[in-house]
Amino acid sequence: MSSTGIHIDFNAPAILRKWPSLNSERISASLGARPYLVVDGSLDECIRQFLGKPAGQRHLYEIHTAPQADLVSAVLSAEHIVEIARLRDFL
């Protein structure tokens with residue numbers, strides 16, 4: 001537990017997935033698109049891989065992991081991943 005009282009298990013299993021895109025926009029699930037596997041590893045590894053992607057393409061990615069308290073949901077959007085990465089430095 002950190003001094004903030006918040007704990008995130010960055011060693012938890014996680015999967016980084018990318019949505020298929022056309023012109024840098026997600027192809028809709030209603031059209032049959034599904035995100036595909038990019039990295040199968042720890043939450044920390046997936047966050048690092050995500051942060052290595054071009055900022056203009058990050059909206060195409062999401063991380064799937066086990067929920068942890070109120071901070072980590074089962075599917076993390078690009079915005080959520082960036083916030084958790086910022087928190088990581090303080091936890």
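Provided above is the structure to which this section pertains.
Residues numbered from 1 in each chain as written. Predicted model: local features only at pLDDT ≥ 70, side-chain atom pairs only at ≥ 80, totals over all residues. Heavy atoms only, no water.

**Some thoughts on the packing of helix α1 (residues 43–51) against helix α2 (residues 78–88)**
Stage number 1. At their nearest, the axes of α1 and α2 sit 10 Å apart, and the two run at 115° to each other. Considering the angle they form, α1 stands roughly perpendicular to α2. Here the hand of the crossing between α1 and α2 comes out left-handed. Residues Asp 44, Ile 47, Arg 48, Phe 50 and Leu 51 of α1 lie in contact with α2, whose contacting residues are Ala 78, Ile 81, Val 82, Ile 84, Ala 85 and Arg 88.
Stage number 2. For the contact of α1 with α2, the residue count by class is eight nonpolar, no polar and three charged. (Axes fitted to C-alpha atoms, helices over the stretch in contact; angles between N-to-C directions. Helix = DSSP H or I, 4+ residues; strand = E, 2+ residues; numbered from the N terminus. Parallel < 35°, antiparallel > 145°, perpendicular 65-115°, else oblique. Left-handed = near helix turned anticlockwise from the far one by under 90°. Contact = heavy atoms within 4.5 Å. Nonpolar A, V, L, I, M, F, W, Y, C, P; charged D, E, K, R; others polar.)

**Details of α1**
Stage number 1. Buried within α1 are the following residues: Leu 43, Asp 44, Cys 46, Ile 47 and Phe 50. For α1, the arc enclosing every buried residue in end-on projection is 165°, short of the 170-degree limit, so these residues lie on one face.
Stage number 2. Those residues of α1 that are buried are in contact with β1 (13–18), β4 (36–42), β5 (61–65), β6 (75–76) and α2. (Buried < 20%, exposed > 50% of the residue type's maximum accessible area, 1.4 Å probe, protein only. Arc of directions from axis to C-beta.)

By themselves, these are just geometric observations and shouldn't be taken as functional.
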